[in-house]
Every structure is written in structure tokens, then in C-alpha cells.
Amino acid sequence: TEAPAQMRISWILCILLPLGLENVEGTLVIAVDKSGSMADDNKLTKVKEVLKNWLVHTAPQDGEVGLLAFNESTHSQYGFDLSKLHTLNRTEIAKQIDKIEALGGTCYGKAMFDAEGLLGGESGGKILVIGDGKLECTDDISMDEIANRAIKNKQTIYTINVGNELDKAIENASRKTGGINFKLDIDFSAFEMEEQINEVFEGGKTIHIYDENSDDRSSRSVQGQSEGCKKYELLNHFRYRKSGHADDLGRSYCDNQHQVIMKTNDVDFHPSPDWKGEGWYRFDTFNGKMPENAPGGDKCGTSLAGWVKGSHPSNGATKDVEICFSDDSIDCITSVTAKISECYGYYVYYLKELTCMQRYCVE
């Protein structure tokens, strides 16, 4: 026999951040699909990284945010006593998100039912469901019933669908409540999903994604420990920055915005399209960080590949480091100094302009 909704809510992974709003009109409950299919293509891993960064650093101070994880049910061993949570425990929340594992089937209806209950009856609020859009539950609550309950309670349902086509019943239920259905490809960027979460939440800070066809500087403002955590540029030419990548069909890059295109040994050197001059940077990849071992020569889309000689900081610290540049035979043929800040979930780097044939790498 299924437990009543009030009991189920006490068993789910349910995290509420009281961020200062006095009524639930500004309240958002995020329901995360943790079914087995979310393990495919590391979808759940990517979603968890986005949620950790958003909850710890980006969620605006005004409003309330709840989080639950679901598969064929919303029962979970990751239970929380809501009365013990406050804005100072966001890093603890991030640790709990790490424990979510992909397993079982998918019951969107039950998850939305519990999310509606968490918001409270006829009091408004928003529900954001993040998943892969697969309905795998034979005894689920119908989407029509979910939509009608949400309308009665003045609640709006939104979805972020990763990889697959969203089930039409879910899509229609969301639209019926006035919500929006977002679609992300399997290889989505963290910033794409964060931008969609902020759009749903409203009042959040806008995330600007770098466009190499635009002259606008791409920057990102967040709540963080160091100056770099608060504003940085994005290094998103990541396919060619990876430590295992050579050149781009005879084209190599330099982290020098004033570099004049030149040819050396039949290789054309160009300024990196994502390089904006000396300043704070973050690699636009999941868990993006510079390697701590020499990649060798002709890697990262350049001749001399940059790597961190030493280790990265932890627990919100900032440290000075040496960035070495390697070729085929020498691990540190030359070097520059840099700063690295750990922003409770990702790294930012204060990087200097380089000479030609040098570039900063990402793992």
C-alpha cells in the first residue's frame, strides 16, 4: 500500500534553502530524475554538478528553493530535517547531492505530486523537473491530474529535458499550467542548464555564454570566496584545449589576443577564439581543471602545452602556482605564474597573456 503524500514527503531527498522570501510565490522546487537511464552518457553526473554550483554559488538571496530526487518513487535514504537547513549550509547540501545515484524506473507523476505537496496547497510556486523525459511507471499518477492540481494550487510546472524527446503527456501538463519545456542535447554545457534554471526561478542573475562571433565579453557573476569566483571569462574552446588533442587540421592556437596569424613548419598559429587577455578564467567543461602532469608537446591545440606544476587548492582557498609549458622532451621548458581559486565545486584561474605557440590546457 502506498504511503500518503504527507509521509512520502518526509522520506524524499528534500532540501529547502530559506533565502529570505516571505511568501511561497518565489518558491521553486526542483525534482531531479535519478532513474537508471540517467546514468547513460553521464547525464545525472552532469546535472548534479550544475545543481551543486547553482545551489552553492548562484541561487539568488531572495526566494526559497527545494530539491527532491525521484525514480519509480520519491522515497530516498537522503532524508533531511527541513527545520535544520539555512543559507549557511549550502556546501553540506552539495555533499548530499553527490550521493544521488541513478537506479530504477521513472515516475514523473509521483514526483510532481510530492513537489506540489512540498510547495503547499493553493499557495503558488514553481516546479522544475529535470530528467530525460522517459515514462517508465505503470502505476503513475496521470499528467492530467497533476496539471489540474497544479492549476488549482496556482503552481506552474517547468521541465528541462536532457537528450531525449520529452513525453507528450509531460509536455502538455507543463504547458497547461503555463510552464515552459526546455530541451538540452546530451553534450550540453553547464552554463546552458544554469541559465534555464535562472530563467525559471526569475530574479536570478543572467548567465552570459561566450559567443566567438560576438565582441561582447563573456562573464559570469556568482557568490564566491575570491574575486575570481565572482566574475570570470569562459574558456570554451574546450575540444581543442584538451590535453590529448593535437592541432586543428594544421591550425594551432596561442593565448595571446594580439597574435598575428603566422605559419611555422606548415602549421598556422591563430589567437585562441576564447582568449580575452589577462584575467580570471573558468574552463567551460564539467569539473574543468588544468592538468597537473605535463601533456607533452603538440597538445591542447598548440606546440607548448600549459599545465599546473603542483596541486590545486581546496575548501575555497586561493593559491599562487607555476604554470609550466611542455614540449616532446622537456616537461617545463618555460613557465609563468598564476593564481587558482577553488569556488566550492569548480576552479577559476588568473592567467597571463602568453607568447606564440603557448596555450593553457584542460584535462
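Everything discussed here concerns the structure shown above.
Residues numbered from 1 in each chain as written. Predicted model: local features only at pLDDT ≥ 70, side-chain atom pairs only at ≥ 80, totals over all residues. Heavy atoms only, no water.

Comments concerning the nonpolar core
In a soluble, globular protein the nonpolar side chains are often hidden away together inside. Residues Ile 30, Leu 51, Leu 128, Ile 130, Met 193 and Ile 197 are the most contacted members of the largest nonpolar core, which totals 29 residues. Listed by contribution, the elements that provide at least two residues to this core are strand S2 (27-33), helix H2 (43-58), strand S3 (64-70), helix H3 (90-98), strand S4 (126-131), strand S5 (156-162), strand S6 (181-184) and helix H7 (190-201). Looking at this core element by element, the count peaks at six residues for H2. Setting aside its immediate chain neighbours within four residues, Ile 197 contacts Val 50, Leu 51, Trp 54, Leu 128, Ile 130 and Ile 160. Counting residues in hydrophobic clusters, the runner-up holds 22 residues, among them Met 112, Phe 113, Ala 115 and Ile 141. (Core = buried A, V, L, I, M, F, W, Y, C linked by side-chain atoms within 4.5 Å. Buried < 20%, exposed > 50% of the residue type's maximum accessible area, 1.4 Å probe, protein only. Helix = DSSP H or I, 4+ residues; strand = E, 2+ residues; numbered from the N terminus. Contact = heavy atoms within 4.5 Å.)

Considering the packing of helix H5 (residues 143-152) against helix H6 (residues 168-176)
Running from N to C, H5 and H6 cross one another at 15°; their axes reach a closest spacing of 9 Å. With respect to each other, H5 and H6 are oriented roughly parallel. Pair H5 / H6 crosses with right-handed handedness. Taken together, the residues of H6 that come into contact with H5 (itself represented by Met 143, Ala 147, Asn 148 and Ile 151) are Ala 169, Ile 170, Ala 173 and Lys 176. For the contact of H5 with H6, the per-class residue count stands at six nonpolar, one polar and one charged. (Axes fitted to C-alpha atoms, helices over the stretch in contact; angles between N-to-C directions. Parallel < 35°, antiparallel > 145°, perpendicular 65-115°, else oblique. Left-handed = near helix turned anticlockwise from the far one by under 90°. Nonpolar A, V, L, I, M, F, W, Y, C, P; charged D, E, K, R; others polar.)

Focus on the pairing of strand S15 (residues 334-342)
In this structure, strand S14 (residues 318-326) lies alongside S15, joined through eight bridges in antiparallel fashion. Residue pairing across strands places Asp 320 opposite Lys 339, the latter belonging to S15. Looking at chain direction, S15 and strand S16 (residues 347-351) are connected through four bridges and run antiparallel. Considered in S16, the bridge of Ser 341 is made with Val 348. (Pairing = 2+ DSSP bridges.)

Structural notes on the state of the cysteines
Under the counting rule described, the total for this entry stands at two disulfides. Here Cys 300 is linked by a disulfide to Cys 361, with a sulfur-sulfur distance of 1.7 Å. With the S-S dihedral at roughly 110°, the linkage between Cys 300 and Cys 361 falls on the right-handed side. Taken as a pair, Cys 300 in the loop between strand S12 (279-283) and strand S13 (304-309) and Cys 361 in the segment after strand S17 (358-360) lie far apart in primary sequence, 61 residues in all. For the pair formed by Cys 300 and Cys 361, the shared burial category is buried. Between the sulfur atoms of Cys 324 and its disulfide partner Cys 332 the distance amounts to 2.0 Å. Residues Cys 324 and Cys 332 share a disulfide whose torsion about the S-S bond is about -70°; that sign makes it left-handed. When its relative accessible area of 0% is taken as the criterion, Cys 324 is described as buried. A relative accessible area of 29% places Cys 332 in the partly exposed class. Unpaired in terms of disulfides, Cys 254 finds its nearest cysteine sulfur in Cys 356, a separation of 3.2 Å. (Disulfide = S-S within 2.5 Å.)

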